[in-house]
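Descriptive analysis of the structure
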Amino acid sequence: MTHAKKAAAQVVLLIAGAAMLCFGAWRGEAATVFSKAIKLCLECVGIG
């Protein structure tokens, strides 16, 4: 794979990832992920 094709593929994947991240945040998934992370951490410590 040439350097230009590799760079183009990286840019396309970066844009696709950023679009998916923005779409998830727009749907309110960030709050869900954050609450699940808090519950998991509390269970590991033994508080929850």
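Here, every reference points to the structure presented above.
Before going into details, it helps to say that this report is about the structure given with it. (Residues numbered from 1 in each chain as written. Predicted model: local features only at pLDDT ≥ 70, side-chain atom pairs only at ≥ 80, totals over all residues. Heavy atoms only, no water.)

This part takes up the pattern of salt bridges. Within the structure shown, the criterion is met by one salt bridge. Between Arg27 and Glu29 there is a salt bridge, and its shortest N-O distance comes to 3.5 Å. Using a relative accessible area of 32% as the deciding quantity, one classes Glu29 as partly exposed. (Salt bridge = Lys/Arg side-chain N within 4 Å of Asp/Glu carboxyl O. Buried < 20%, exposed > 50% of the residue type's maximum accessible area, 1.4 Å probe, protein only.)

Turning our eyes to something else, we now look at the packing of aromatic side chains. What characterises a pair of aromatic rings is the spacing of the ring centres plus the angle enclosed by the ring planes. In total, this model carries one aromatic pair according to the counting rule given. With a centroid separation of 5.7 Å and an interplanar angle of 35°, the aromatic rings of Phe23 and Trp26 are classed as tilted. A residue pair is termed a helical-turn pair when its members lie 3 or 4 positions apart in one helix, as Phe23 and Trp26 do in helix α1 (residues 3–26) at three residues. Classification of Phe23 as partly exposed rests on a relative accessible area of 45%. (Phe/Tyr/Trp six-rings, centres within 6.5 Å; stacked < 30°, edge-to-face > 60°. Helix = DSSP H or I, 4+ residues; strand = E, 2+ residues; numbered from the N terminus.)

The next point concerns helix α2 (residues 29–45). The end-to-end C-alpha separation of α2 is 25 Å, in line with the 24 Å expected for 17 residues at 1.5 Å each. The element α2 is largely exposed, with a buried count of zero among its 17 residues. Within two residues after α2, Gly46 carries a phi angle of roughly 100°, on the positive side. (Expected span 1.5 Å × (residues − 1).)

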